Amino acid sequence: MSQPHFTLEHIPNQDNSLKEAYTQALQQFFSGDSAWKQVKQNSRNTIAFHPDMSVYFKSFNRTSVTERLKSTFTGGRAKRTLAGTQLLQEAGCMAPKILATGYYPDNDFIIMEALEGAPLLNAIESYLRDTPDSQWRKGLFCELGLTIGKMHANGIIHGDLRGNNVVIVPDHQRYRLAMIDNERTRKALRFNREQQRNLKQIMLFGPYYITPAERELFFDYYFQAFPHPKRHASLLKEQTFAEVEKHFQRKGIVQGTPLESVNYWPTLEKLSPFELSSQSPQ
């Protein structure tokens, strides 16, 4: 079976050595080389990981009528992922770098750095489920509030702000919260509506994963990063909790998956939150 013809775009600084490296890696991918480890494949996406290069390949199928229309007006999903990532980075939020974009027949793709860290919901399930209101968990929910508040204060909305689309990433003596899956991250035209949807998504933690006190901490620090009038803030919290309960009644409580291949906890337990540390007096 012949390899599809592909085209590479967006190489940082048009670095020819990087272009050559990515071209060779893509040739390996399309030939089925074992250097790439497949993570996911369905009608919409293919995701693969290259351990030696520490990068992910992610393709976006664009054969549907809806996606073709979107591509005409806003660019393909690879370009939208790049744009959303750049918005977050410009706002001082963490997201995996998009190292290259491109396309091949009926698909766009990105090559993205692999962030070494634990998905938030899965981390709580694996390491923190039995320690409600512990200092580490309290710090985590304060950090989450500051991070999402910072994003929203810059007018940015994440397309799918579920717990596992936030990753706890070690960063020297601290950890940061990075947002992944950024193809629908954007400046929202109807910000208030999208803000409420994001807050509902990130609060979809069942009682094993977040206590009432921790929910309050999240919002205290969210409004510290993104101030609201007191009445508006109170109403936004009430609406968020009401929407979360409706979701649980319709679809059940969201569950995390234990992290088994890598134990991040010996590293994470020693680290302090990046955003929260910057708020503290030196």
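Read on for an overview of the structure.

Here is what the cut-offs are and how they apply
Residues numbered from 1 in each chain as written. Predicted model: local features only at pLDDT ≥ 70, side-chain atom pairs only at ≥ 80, totals over all residues. Heavy atoms only, no water. Buried < 20%, exposed > 50% of the residue type's maximum accessible area, 1.4 Å probe, protein only. Helix = DSSP H or I, 4+ residues; strand = E, 2+ residues; numbered from the N terminus. Pairing = 2+ DSSP bridges. 1 Å grid on protein atoms, 1.4 Å probe; cavity = no way out; pocket = protein on both sides within 12 Å on 5 of 7 lines; lining within 4 Å. Points joined across faces, edges and corners; volume = space filled by probe spheres on them. Axes fitted to C-alpha atoms, helices over the stretch in contact; angles between N-to-C directions. Contact = heavy atoms within 4.5 Å. Phe/Tyr/Trp six-rings, centres within 6.5 Å; stacked < 30°, edge-to-face > 60°. Salt bridge = Lys/Arg side-chain N within 4 Å of Asp/Glu carboxyl O. Nonpolar A, V, L, I, M, F, W, Y, C, P; charged D, E, K, R; others polar.

### Overview of the pairing of strand β5 (residues 98–104)
In regular strands, side chains alternate between the two faces of the sheet. Within β5, six of the seven residues are buried, leaving the element largely enclosed by the surrounding structure. The pairing of strand β1 (residues 7–9) with β5 spans three bridges and is antiparallel. The partner of Thr-7 across the bridge, within β5, is Tyr-103. Pairing of β5 with strand β6 (residues 107–113) involves six bridges; the strand directions are antiparallel. Along β6, the bridge assignment pairs Ile-98 with Met-112. Hairpin geometry of β5 and β6 is characterised by an intervening segment of two residues between the two adjacent antiparallel strands and by a positive phi of about 70 degrees at Asp-106.

### Notes on the layout of surface pockets
Taken as a whole, the largest pocket encloses approximately 1100 Å³ of empty space. Considering the residues around the largest pocket, the lining is formed by 41 residues, among which Tyr-56, Pro-119, Asn-164, Val-167 and Ile-180 are closest to the centre.

### Here's the deal with the pairing of β6
Counting buried positions over the seven residues of β6 gives six, a clear majority of the element. Where strand β4 (residues 55–61) meets β6, seven bridges bridge the pair, whose relative direction is antiparallel. For Lys-58, the partnering residue across the bridge sits in β6 and is Ile-110.

### Notes on the sheet that holds strand β2 (residues 37–41)
Strand order in the open sheet made by the six strands is β1-β5-β6-β4-β3-β2, with antiparallel pairing throughout. This sheet does not close on itself; its edge strands, each paired only once, are β1 and β2. Taken pair by pair, the neighbouring strands of this sheet meet at an average axis angle of 20 degrees, ignoring direction. Looking at chain direction, β2 and strand β3 (residues 45–50) are connected through four bridges and run antiparallel. Among the inter-strand pairings, Lys-37 is bridged to a residue of β3, identified as Phe-49. Strand contacts of helix α1 (residues 16–30): β1, β3, β4, β5 and β6, with the helix running at about 140 degrees to β1, the strand carrying the most contacts.

### Quick look at the packing of aromatic side chains
Applying the stated criterion across every chain yields a total of 22 aromatic pairs. Aromatic side chains Tyr-127 and Trp-265 sit 5.8 Å apart centroid to centroid with 25 degrees between the ring planes, which places their arrangement in the stacked category. Remark: Trp-265 occurs in helix α9 (residues 265–268) and Tyr-127 occurs in helix α4 (residues 120–128); sequence separation between them is 138 residues. With relative accessibility at 16%, the residue Tyr-127 sits in the buried group.

### A word on the sheet that holds strand β9 (residues 166–171)
Read from one edge to the other, the open sheet built from four strands follows the order β7-β9-β10-β12, with strand pairing classed as mixed. Two strands in the sheet have a free side with no partner beyond their single neighbour: β7 (118–119) and β12 (272–273). Direction of pairing for strand β10 (residues 174–179) relative to β12: parallel, over a ladder of two bridges. By the bridge assignment, Arg-174 is partnered in β12 with Ser-272.

### Some thoughts on the pattern of salt bridges
By the definition in use, this model includes twelve salt bridges. Lys-58 serves as the salt-bridge partner of Glu-183, at 4.0 Å between the closest nitrogen and oxygen. Linking Glu-183 in the loop between β10 and β11 (186–187) with Lys-58 in strand β4, this pair joins segments that are 125 residues apart in sequence. The exposure classification of Glu-183 matches that of Lys-58, with both residues buried. Note that Glu-183 is salt-bridged to Arg-77, the shortest N-O span being 2.7 Å.

### Points about empty space enclosed by the protein
Any space left empty among the atoms is revealed by the rolling of a water-sized probe across them. Taken as a whole, this structure holds one cavity of 30 Å³ or more when the rule is applied. In this structure, the largest cavity encloses a volume near 40 Å³. Every residue along the wall of the largest cavity is listed here: Cys-93, Met-94, Glu-143, Thr-147, Arg-176, Leu-177, Phe-274 and Glu-275. For the lining of the largest cavity, the elements supplying multiple residues, two or more each, are α5 (135–153), β10 and α10 (274–279). Within the lining of the largest cavity, the residues separate by chemical class into four nonpolar, one polar and three charged.

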